[in-house]
Structure formats: structure tokens, C-alpha cells
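Coordinates in review
Each chain, written out:
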Amino acid sequence: MLQRRAWAEINLDHIAYNLEQIRSILPAKTQIMAVVKGDAYGHGARRTAQLLTELGVARFAVSNLDEAISLRQYGIRGEILILGATPQEGFEQLAAYQITQTVFSPEYAEQLNQYGLDHQIRFPIHIKIDTGMYRIGFAYDDMDAVKALFAYPGLHVQGVFTHFSVADQLNPKDEAYTRMQADRFDTCLYQLREYPVGMTHIQNSAGIVNYPDFHYDLVRPGMLLFGVPSGEMSQDLQLKPVMQLKATIVMVKHVLKGAEIGYGRDYVAQRDMKIATIPIGYADGYPRSVSGKGSQVLIHGQYAEQIGKVCMDQLMVDVTDIDDVRLGDAVVLVGEDQGNTVTLSSLAELAGTITNELVCSISARVPRVHVQQG
């Protein structure tokens, strides 16, 4: 059996647990649209969506057509909403795979509608309203353009939504901005009250936790499902991290005091040392930016400090004070071992980024190993 150099262990039981925690704070009639874009934030979109389907989730959101088709080909039958643009050459596949498309501008709506007319297709769509993110979406104060979509024979409106920009920040200024976005959305819905808007949705992960008083048809949890949401949260749902990042030691060596270790000779041994080399690096998604910042891994349940620069495929750690470290020993780079923990949040903070970016950066050459019921 081939021994893995490095792997990401995905605990499906933790996804199920986190889903129930999310459901526990939702209004009874609010449904979940699980956001599984970016390969479910690096956790494996196909297996995640399959599990969530088994647990009663019937709606999913992805970034693009390729992600949507991948889920369909895996057997996911529920609604799949593409949050971004699909180019015209993909319109045929939208119809073939019964994918729901976001429409976010008059020009894009006209293009999709015309294709539908030419090919006798009626595309299911959700309308994106820009209430203050200023990324994509119809302007919140231009509902005439939105109302026009309901008359397009090539489009079938099944939902209307917007997206928060600072729902994960709890200072008064940002809270006011989020509530302003919600007020703008509600005003849009009132102007559309005579139109069949379908499902309404506004809350991302932070919006679910920080604004439980918002009641819409759907919520869109992403990283919340995986137990490591970024930003500030007003309540602790006791979520469980889903991913652990692991590897095995490929070499243990002794170096003398004064040895200059790694690229750039940045780290100088202050004593005779024992160091272990671990076959994971920035090409795998372990951030080079944590080099020399005191990042740690767990070996035999004990903390070992990363030393020198993180390389493309490898990194080194100080195991001088850990007994009996050997070739092939397991290393936990993110996760828990014998009661000690290296959190994704702490690693992201050292790297100067957010947890979302870190998990999405773990490359495809790191196998995802899905674990369930032990």
C-alpha cells in the first residue's frame, strides 16, 4: 500500500454535527443552500454534497459551470445555483444538466434570454441584487430593470438574493452597514411584491450567526459547515473543525550548533539540534509566509516548531526535545493530537490571511481522506 506523503483528513461526522448546529438557530421554515464552491472550500465538494443530500439538504451553490457539472455527474439531484457568470458557450450545458444560473445585469439577462428563445429553452434563474457589495448584481435602486426579467420568455425566476460585505464584523459601523443592506433588500422585495420572486436569501455564514433575526427562505452556509468560520461571531455554536492536515516524517537528522538551515540560511541553530523533515510545502498549500514566525506542528502529541523557510515540497521542524522521533511518524500540521491542537485559525493568522483562503489553497496533490464513524 502506498504511504501518503501528506493528506487532508475530512471528518464527515463533524459536517453532520455542524449542520445540526446551524439548523438549531434557524427559523423553522428556513431552508439551507449549502455553498460548496472551491471544492467545498478544499474539503471535497462531491462527497460533501452527497453527505448533505443524505441529511436533507436539497440546494447547493457553486462558483461556476464546471463545479456544477461535477456535482451532477456525481449524482447530486438537488438545485445547483451558479453564483458567478457562465459564458455563452456554456448555456447549452446549463440546460442539459438542469443548472440554475444567477443573473446579475440587464446585459447578461438579455444574452441568456435570447439564447433561450433561439433554442426553445427556459432557464431557471436567481436574480442577484447589489445592496452594497459593489461586485456583481442589479443596482438596488433600479427595480425596473429587475421587473423586466419576469417578462422574458427564456427565463424563469426562482429566487432573488443579495450578499453581505461585512456581516462578519461586529463593530457598530459595520453592523449598521449590514442592516442597511438588509433594509435595501427588503425595499426591493416590497417593490417586487406583485411578482413571483421565488426563494429569497441574504445570509452567508456570518449572517446566519450574527443576524438570527433576519428571516428569509434560504441561508447560504459555507465555511460554517466546516467548523472554521472567519471573522467575528456573536454566538458560539460549538462547531467542530472538519479538516485535519497531516503528513509523515521522511528524515530525522542531527545538526551542530551554528548550522545554517534552509533556503537563505535564515535559521541558525543555537544549540546542537535534532530536526525532522516533513514532505509538505507551499505547493501543497502550507503557507511559505509562516516561515520564521513560530508556527508549530504536532508530533507524538507534542509541539514542534517549524524552522527555516517553508520550501515548495518540504519543511523542517525542531524535534530536539521530543523523544523517539522516527522516519514515518505521523505529523499533524492542522488538527488535534493527544489533547493538543494546532488550529486553522492560528495558522491563518500567522500567514496574514483568513481560514477560507488557507483551506482553499490546499492543493489537489494533497489527497482528501474522508472519515466517517471512525
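Let us look at the structure shown here. Residue numbers run consecutively from 1 along every chain, following the written order of its sequence. Local features are withheld for residues below a pLDDT of 70 in this predicted model, meaning they are given only at 70 or higher, and side-chain atom pairs are given and counted only at 80 or more; totals for whole chains, interfaces and linings count all residues. Remark: hydrogens and water are excluded; side-chain values derive from all non-hydrogen atoms of the structure.

Some details on the pattern of salt bridges
One side-chain nitrogen of Lys or Arg within 4 Å of one carboxyl oxygen of Asp or Glu is enough to make a salt bridge. Across all of its chains, the model carries 12 salt bridges by this definition. It is possible to trace a salt-bridge network through shared partners that takes in Arg 5, Asp 284, Asp 313 and Arg 365.

Comments concerning the pairing of strand E19 (residues 330–337)
Exposed residues in this analysis have more than 50% of their type's maximum accessible area, buried residues have under 20%, and partly exposed residues fall in between, with area computed by a 1.4 Å probe over protein chains only. The numbering of helices and of strands both runs from the N terminus, where a helix is a DSSP run of H or I of at least 4 residues and a strand a run of E of at least 2. In terms of burial, E19 is largely enclosed, as six of its eight residues are buried. Strand pairing follows a simple DSSP-based rule, namely that at least 2 bridges must link the two strands. Both E19 and strand E20 (residues 340–342) contribute to a ladder of three bridges, which runs antiparallel. Each residue of the ladder has a partner; that of Gly 335, found in E20, is Val 342. Hairpin connection between E19 and E20: a loop of two residues separates the two successive antiparallel strands, and Gln 338 in this loop has a positive phi of roughly 55°.

What about the packing of helix H1 (residues 12–23) against helix H3 (residues 45–54)?
Helix axes are fitted to C-alpha atoms over the stretch in contact, other axes to C-alpha atoms as well, and angles between N-to-C directions run from 0 to 180 degrees. Following both chains from N to C, one finds H1 and H3 inclined at 50°, their axes separated by 10 Å at the closest point. In this view, H1 runs oblique relative to H3, as classed from their interaxial angle. Here the hand of the crossing between H1 and H3 comes out right-handed. Across the interface between the two elements, Leu 12, Ile 15, Ala 16 and Leu 19 from H1 touch Arg 47, Thr 48, Leu 51 and Leu 52 from H3. Any residue outside Ala, Val, Leu, Ile, Met, Phe, Trp, Tyr, Cys, Pro, Asp, Glu, Lys and Arg is labelled polar, Gly included; the first ten of those are nonpolar and the last four are charged. A breakdown of the residues in the contact of H1 with H3 according to their chemical character gives six nonpolar, one polar and one charged. By definition in this entry, angles of less than 35 degrees are roughly parallel, angles greater than 145 are roughly antiparallel, angles of 65 to 115 are roughly perpendicular, and the rest are oblique. Left-handed describes a crossing whose near helix is turned anticlockwise from the far helix by less than a right angle; the clockwise case is right-handed. Two residues qualify as a contact provided that any one of their heavy atoms is within 4.5 Å of a heavy atom in the partner residue.

Section: the nonpolar core
The set of buried Ala, Val, Leu, Ile, Met, Phe, Trp, Tyr and Cys residues whose side-chain atoms join them within 4.5 Å is what this entry labels a nonpolar core. Ile 127, Tyr 286 and Ile 299 are the most contacted members of the largest nonpolar core, which totals 112 residues. When neighbours within four sequence positions are excluded, Ile 299 is seen to be in contact with Ile 249, Ala 304, Val 317, Val 319, Ile 322, Val 325, Ala 330, Val 331 and Asp 337. In this structure, Ile 261, Ile 275, Ile 307 and Met 316 belong to the second largest nonpolar core, which totals seven residues.

Concerning the environment of Leu 81
The topology assignment puts Leu 81 in strand E4 (residues 79–82). Take Leu 81: its relative accessible area is 0%, and that puts it in the buried class. Every residue in contact with Leu 81, bar those within four places of it in the chain, is listed here: Met 33, Phe 60, Ala 61, Val 62, Thr 100, Gln 101, Thr 102, His 126, Phe 161 and His 201.

A word on the side chain of Arg 184
One can find Arg 184 in helix H8 (residues 172–191). Neither His nor the chain ends is counted toward charge; the positive residues are Lys and Arg and the negative residues Asp and Glu. Despite its burial, Arg 184 pairs with no opposite charge; the closest candidate is Asp 130, at 6.8 Å N-O. Excluding residues that lie within four positions of it along the chain, Arg 184 makes contacts with Thr 131, Gly 132, Tyr 134 and Tyr 140.

A look at helix H10 (residues 344–351)
Within H10, the full set of buried residues consists of Leu 344, Leu 347, Ala 348 and Ala 351. Each buried residue of H10 lies within a common arc of 100° when the element is viewed along its axis, so the set occupies one face. Here the buried face of H10 lies against E19, E20 and helix H11 (355–361). Throughout, the arc means that of the directions going from the helix axis to the C-beta atoms.

That is the geometry; function is a separate question.
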